[in-house]
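Each chain, written out:
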Amino acid sequence: FPSHDKSIGSPTSYKEVFYGFIDTSTLDESARTFSCSLLQDIPNQTNLRTMGLSCQAWFGDNQECGAAFDKRNGTVNTSSTANTIVHANDSTGENYWLNGVITIGYESRQVKASTAFTITVDIPFFSIPAAGLAYSIQNGCDKSVQDCSRHHNNQNFGGFLAIPLTEYLATT
């Protein structure tokens, strides 16, 4: 399977390759089928990339990822809670900071939702952040093809759109 759009020029130009160990196999010449059972999970390829659905690039890395890394500082406004930080308008769109990290003092949390005025975190801060406290925030990615699309970065997605099951039937 092609790993991303620029890996192969045509979606029909690929070759199925087997790599691993076979436990049992059957060949039915009259039906022209060959089936086998694998002894192990999906192995690593020769380029040492794991065959998985998640992207393996570091978010914001210019050589592999290519998505725009953004880190900003701000201050907590009144009406904040332990789960939702209210801040001045930062002119970002809905969920711009999704899957990113916000740090207030010595506590960091993953961002689960955001608007131009609020940031909602996955786990509440130990105490409600006081108005005027400084914070830093950076955007992020959950390494899925959907999040790569959100960052307009599909051409650099480093995971696989599909992987074969540990047992499958191939007909030739």
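Residues numbered from 1 in each chain as written. Predicted model: local features only at pLDDT ≥ 70, side-chain atom pairs only at ≥ 80, totals over all residues. Heavy atoms only, no water.

Asks: Looking at this model, I keep getting lost on unusual backbone geometry. Mind explaining?
Replies: The general pattern is negative phi for most residues beyond glycine and trans for most peptide bonds. The phi angle at arginine 32 is positive, at roughly 55°, despite the residue not being glycine. As for its position among the elements, arginine 32 is in the loop between strand S1 (22-28) and strand S2 (33-38). Residue arginine 32 is classed as exposed on the basis of its relative accessible area, which comes to 60%. (Helix = DSSP H or I, 4+ residues; strand = E, 2+ residues; numbered from the N terminus. Buried < 20%, exposed > 50% of the residue type's maximum accessible area, 1.4 Å probe, protein only.)

Asks: Mind showing me how you'd approach the confidence of the model for the protein here?
Replies: Predicted coordinates in regions of low pLDDT should not be interpreted in detail. Confidence in the prediction of the protein, expressed as mean pLDDT, is 80, and 74% of residues score 70 or more. This stretch, residues 1-7, has a pLDDT under 50; its non-local contacts, to residues over four places away or in other chains, come to 14 contacts. (pLDDT = per-residue confidence, 0-100. Contact = heavy atoms within 4.5 Å.)

Asks: Sorry, what's going on with the side chain of serine 114 here?
Replies: Within the element layout of this structure, serine 114 appears in strand S6 (residues 107-114). Judged by its relative accessible area of 2%, serine 114 is buried. At a separation of 3.2 Å, a polar atom in the side chain of serine 114 contacts the main-chain amide nitrogen of tryptophan 97. Contacts of serine 114, omitting those with residues within four sequence positions, involve Gly93, Glu94, Asn95, Tyr96, Trp97, Leu98 and Ile119. (Polar contact = N/O pair within 3.5 Å; in protein donor to acceptor, adjacent residues only side chain to side chain.)

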